[in-house]
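Each chain, letter by letter, is given below.
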Amino acid sequence: MDKSMAERLTELREKNHLSQTAVANRIGVTPALISAYEKTERNPSIDRLISLADVYHTSTDYILGRSIADPNAIFIEVNGLTENQIRILRELVETMKTQNDGRK
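No experiment lies behind these values; they were computed from the predicted model shown. In every chain, residue numbers begin from 1 and rise along the written sequence. In keeping with the model being predicted, local features are shown solely for residues with a pLDDT of at least 70 and side-chain atom pairs are shown and tallied solely at 80 or more, while totals for entire chains, interfaces and linings include all residues. Computation of side-chain values: all heavy atoms of the structure, hydrogens and water removed.

Asker: I'd like a rundown of unusual backbone geometry, residues and numbers included.
Answerer: Phi is positive for T40, close to 60°, though the residue is something other than glycine. With a phi angle near 55°, H57 is a residue other than glycine that sits in the positive phi range. Only DSSP runs of H or I with at least four residues qualify as helices, and only runs of E with at least two residues qualify as strands; both kinds are numbered from the N terminus onward. Summarising the element assignment, H57 is placed in the loop between α4 (46-56) and α5 (60-64).

Next up, the structure:
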């Protein structure tokens, strides 16, 4: 059975070892609102959904149930990096993947 957005939000918060208060403080809302999201009483606005994805290091698509993220996936914020730095990161990841393919 697929998880609801509320279940994903709760799971992500717990996986990141955060309290509802800590999450609320990070995105500038009340703990009661985080609780309401997790109980399906309220849905986050687009801006808050993006903030939650940033806090939990995941995508909005994963929170919404539009994608099934690999539990080992890592999302890296690249804002502020140059195009060359982003290219180097991509090359590094691809090199690591290629090396791991030979170890399986």
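Asker: Lay out the pattern of salt bridges in plain terms, naming residues and giving numbers.
Answerer: Salt-bridge detection follows one rule: a side-chain nitrogen of Lys or Arg within 4 Å of a carboxyl oxygen of Asp or Glu. Summed over all chains, the structure comprises five salt bridges. Among the salt bridges present, the one from E38 reaches R13, with a minimum N-O distance of 2.6 Å. Linking E38 in helix α3 (residues 31-38) with R13 in helix α1 (residues 5-15), this pair joins segments that are 25 residues apart in sequence. Owing to a relative accessible area of 10%, R13 belongs among the buried residues under this scheme. A 1.4 Å probe rolled over the protein chains alone gives each residue an accessible area, and that area as a share of the maximum for its type sets the label: buried under 20%, exposed over 50%, partly exposed in between.

So, to be careful, I would describe these as geometric facts and stop short of saying anything about function.
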